[in-house]
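Structural description and commentary
Chain residues, written in single-letter form:
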Amino acid sequence: MEGVVDAGVRQLISEIGGVDFCVTEFMRVTTELQPRRAFMRICPELLTASQTPQGTPVHFQLLGSDPQLLAAHAEKAARLGAQVIDLNFGCPAKTVNRHKGGAVLLQTPELIHDIVAACSKVLATTPARLTAKMRLGYEDTHQVYDNHRAIEAGGATELVVHARTKTDGYKPPAHWHWLHRLREVSRIPIIGNGEIWSIEDYQECRKVSGCRDIMLGRGLLADPYLSRRILDDNPQLPSQADLSAALLIYLRRMQLKECPDKFLLARGKQWLGMIKKGLVPVDHLFDAVKTCRDAGQMFRLLEQSAAGERHYAHYLPEPATGLA
Ligand SMILES: Cc1cc2nc3c(=O)[nH]c(=O)nc-3n(C[C@H](O)[C@H](O)[C@H](O)COP(=O)(O)O)c2cc1C
């Protein structure tokens, strides 16, 4: 997730467990081939066989509209070590759509086909494979089958479907029954996505859609223990202390990597904002951190909070690999 799920977040989530793979933030492909360092910035895991330190595979995501240029980026990512290249046909952001990337392409299934086919052709000469992610449509669902067919015929091996249109934005509900309809015509696996905040949502989505695999989005940031709780079928919500401890480990590691205080403060506030949207009440902590002017103040508040009762200390990394 762009601006949110960096390599540090992927590391923490895969340490807690329950995820089969992670996806990078998207690389925007516009006019020219990006240099190697841009690939490494988005996906430092390229240096470690495209896996997090715990061995969870990381897929490299591209976003753009020029088939040949996207294919050149897919090939470069593969040559740099990406095992799976994912194409984004779901981003609703205005700036991205204005430049003909993301969900806007769902209005032109022919172009989607050309993009997927061009990328899959170059990847055939590498060990990497191609996947894609789409929404149900741009304004409505009338082209959903055309887009699915374009992606399947183009050579993608798997498709994540965020069960909303671009116009739906992130408004609930997600229309999981569409996942079932797509599965009925699909030869490639469909991974369901949208509005999974709890174990119950996960179970209901699997039941309605029939999808074997589900992709978690905001729900996993609101509760980084969710994937592990799903795996263990553990209904116990994390406490505020559990959430603070996870956030602290992430921020402390970023601090060790010499991220500036401004970044740490912004990330801490941003992540707490996402936690606030989840099922565990953190309003007081959120309000207190919101007013922090420096990172030290935020760290002190998070440390106080993390000292409270925890249910999931055992899911977090050992101090040796976690907090220094
Ligand atoms: C801040 C933010 C950034 C996102 N960035 C990406 C992205 O880079 N690539 C992508 O495929 N989806 C991205 N998404 C979409 C999510 O991956 C997911 O499909 C969407 O939020 C629906 O799932 P959810 O309801 O469980 O959150 C982003 C969503 C948000 C809220």
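Residues numbered from 1 in each chain as written. Predicted model: local features only at pLDDT ≥ 70, side-chain atom pairs only at ≥ 80, totals over all residues. Heavy atoms only, no water.

Under the annotation held in an unreviewed UniProt entry, the chain carries the name tRNA-dihydrouridine(16) synthase and is attributed to Oceanospirillum linum. Its UniProt record gives the chain the following Cofactor (unreviewed entry) comment, quoted word for word: "FMN". (UniProt positions renumbered as here; feature names shortened; annotations may be inferred.)

**Thoughts on the site of the ligand**
Taken together, 16 residues form the shell around the ligand, and within it Glu2, Gln61, Asn193, Glu195 and Arg218 come nearest. Here Arg164 contributes a side-chain N or O atom positioned 2.9 Å from an oxygen atom of the ligand. Glu195 has a polar backbone atom sitting 2.7 Å from an oxygen atom of the ligand. For the shell around the ligand, a count of residues per class yields five nonpolar, six polar and five charged. (Near = heavy atom within 4 Å. Polar contact = N/O pair within 3.5 Å; in protein donor to acceptor, adjacent residues only side chain to side chain. Nonpolar A, V, L, I, M, F, W, Y, C, P; charged D, E, K, R; others polar.)

**Here's the deal with the nonpolar core**
Counting 103 residues, the largest nonpolar core has Phe60, Leu62, Leu87, Phe89, Met134, Ile151 and Trp271 as its most contacted members. When residues in this core are grouped by element, the largest group, nine residues, is from helix 11 (residues 240-256). Viewed by domain, this core spans two of them, domain 1 (20-215) and domain 2 (240-315), each represented by three or more residues. Apart from residues lying up to four places away in sequence, Leu87 is in contact with Leu62, Ile115, Val116, Cys119, Leu130, Thr131, Ala132 and Lys133. (Core = buried A, V, L, I, M, F, W, Y, C linked by side-chain atoms within 4.5 Å. Buried < 20%, exposed > 50% of the residue type's maximum accessible area, 1.4 Å probe, protein only. Helix = DSSP H or I, 4+ residues; strand = E, 2+ residues; numbered from the N terminus. Domains from an automatic or database assignment. Contact = heavy atoms within 4.5 Å.)

**Side note on the environment of Arg28**
In this structure, Arg28 sits in strand 1 (residues 22-28). Classification of Arg28 as partly exposed rests on a relative accessible area of 30%. In this view, Arg28 contacts Gln34, Leu63, Thr95, Val96 and His99; residues no more than four positions away in its chain are not counted. There is a polar contact of 3.3 Å between the side chain of Arg28 and the side chain of His99.

**So, the packing of helix 11 against helix 14 (residues 295-306)**
Where helix 11 contacts helix 14, the axes come no closer than 8 Å and their chain directions differ by 140 degrees. In terms of axis orientation, helix 11 runs oblique to helix 14. Seen along the crossing, helix 11 lies across helix 14 with a hand that is left-handed. Residues Gln240, Ala241, Ser244, Ala245, Leu247, Leu248, Leu251, Arg252 and Gln255 of helix 11 touch helix 14, and the partners they reach there are Met298, Phe299, Leu302, Glu303, Ser305 and Ala306. The residue inventory of the contact of helix 11 with helix 14, partitioned by class, reads nine nonpolar, four polar and two charged. (Axes fitted to C-alpha atoms, helices over the stretch in contact; angles between N-to-C directions. Parallel < 35°, antiparallel > 145°, perpendicular 65-115°, else oblique. Left-handed = near helix turned anticlockwise from the far one by under 90°.)

**As for empty space enclosed by the protein**
Tallying each qualifying case throughout the model produces one cavity of 30 Å³ or more. Approximately 50 Å³ is the volume found for the largest cavity. Forming the walls of the largest cavity are Trp197, Gly219, Ala222, Asp223, Arg229, Leu237, Gly278, Leu279 and Val280. Tallied by class, the residues present in the lining of the largest cavity amount to five nonpolar, two polar and two charged. (1 Å grid on protein atoms, 1.4 Å probe; cavity = no way out; pocket = protein on both sides within 12 Å on 5 of 7 lines; lining within 4 Å. Points joined across faces, edges and corners; volume = space filled by probe spheres on them.)

**Considering the UniProt feature "site: Interacts with tRNA" (unreviewed entry) in the chain**
UniProt records the feature "site: Interacts with tRNA" (unreviewed entry) at Arg28, Asn88, Tyr170, Arg267, Lys269 and Lys290, using the numbering of this structure. In terms of the greatest pairwise C-alpha distance, the residues named above, spread along 263 residues, do not form a single cluster, extending to 32.3 Å across. From the list above, the second largest pocket is lined by Arg28 and Arg267. Tracing the backbone through its elements, the reader meets Tyr170 in the loop between strand 5 (159-165) and helix 7 (177-185). Each residue touching Tyr170, except ones within four places of it in the same chain, is listed here: Pro92, Arg135, His162, Arg164, Glu195 and Arg218. On the secondary structure map, Lys269 appears in helix 12 (residues 261-276). Using a relative accessible area of 26% as the deciding quantity, one classes Lys269 as partly exposed. Setting aside residues up to four positions removed in sequence, Lys269 forms contacts with Phe286, Val289, Lys290, Cys292 and Met298.

**Comments concerning the UniProt feature "domain: DUS-like FMN-binding" (unreviewed entry) in the chain**
Residues annotated in UniProt with the feature "domain: DUS-like FMN-binding" (unreviewed entry) correspond here to residues 1-229. Annotated as 39% helix and 18% strand, the span residues 1-229 places its first and last C-alpha atoms 21 Å apart.

**Topic: the pattern of salt bridges**
Proximity of charged atoms lets side chains of opposite charge pair with each other. Counting across every chain of the model gives 15 salt bridges. Across the pair Arg267 and Asp6 runs a salt bridge, and its minimum N-O distance is 2.7 Å. Of this pair, Arg267 sits in helix 12 while Asp6 sits in the segment before helix 1 (7-16); the two residues are 261 residues apart in sequence, bridging distant segments of the chain. Judged by relative accessible area, Arg267 falls into the buried class, the value being 12%. Salt bridges sharing partners connect three or more residues here, namely Arg164, Glu195 and Arg218. (Salt bridge = Lys/Arg side-chain N within 4 Å of Asp/Glu carboxyl O.)

**Brief notes about the domain arrangement of the chain**
As assigned here, the chain comprises domain 1 (20-215) and domain 2 (240-315). Here domain 1 and domain 2 have C-alpha centroids that lie 30 Å from each other.

**Observations concerning the state of the cysteines**
In total, this model carries zero disulfides according to the counting rule given. Just so you know, Cys119 is unpaired, no disulfide at all, and the nearest cysteine sulfur is the one on Cys43, 16 Å from it. Cys205 supplies the cysteine sulfur nearest to Cys211, a cysteine that is in no disulfide, at a spacing of 6.2 Å. On the basis of relative accessible area, Cys211 is assigned to the buried category, the value being 2%. (Disulfide = S-S within 2.5 Å.)

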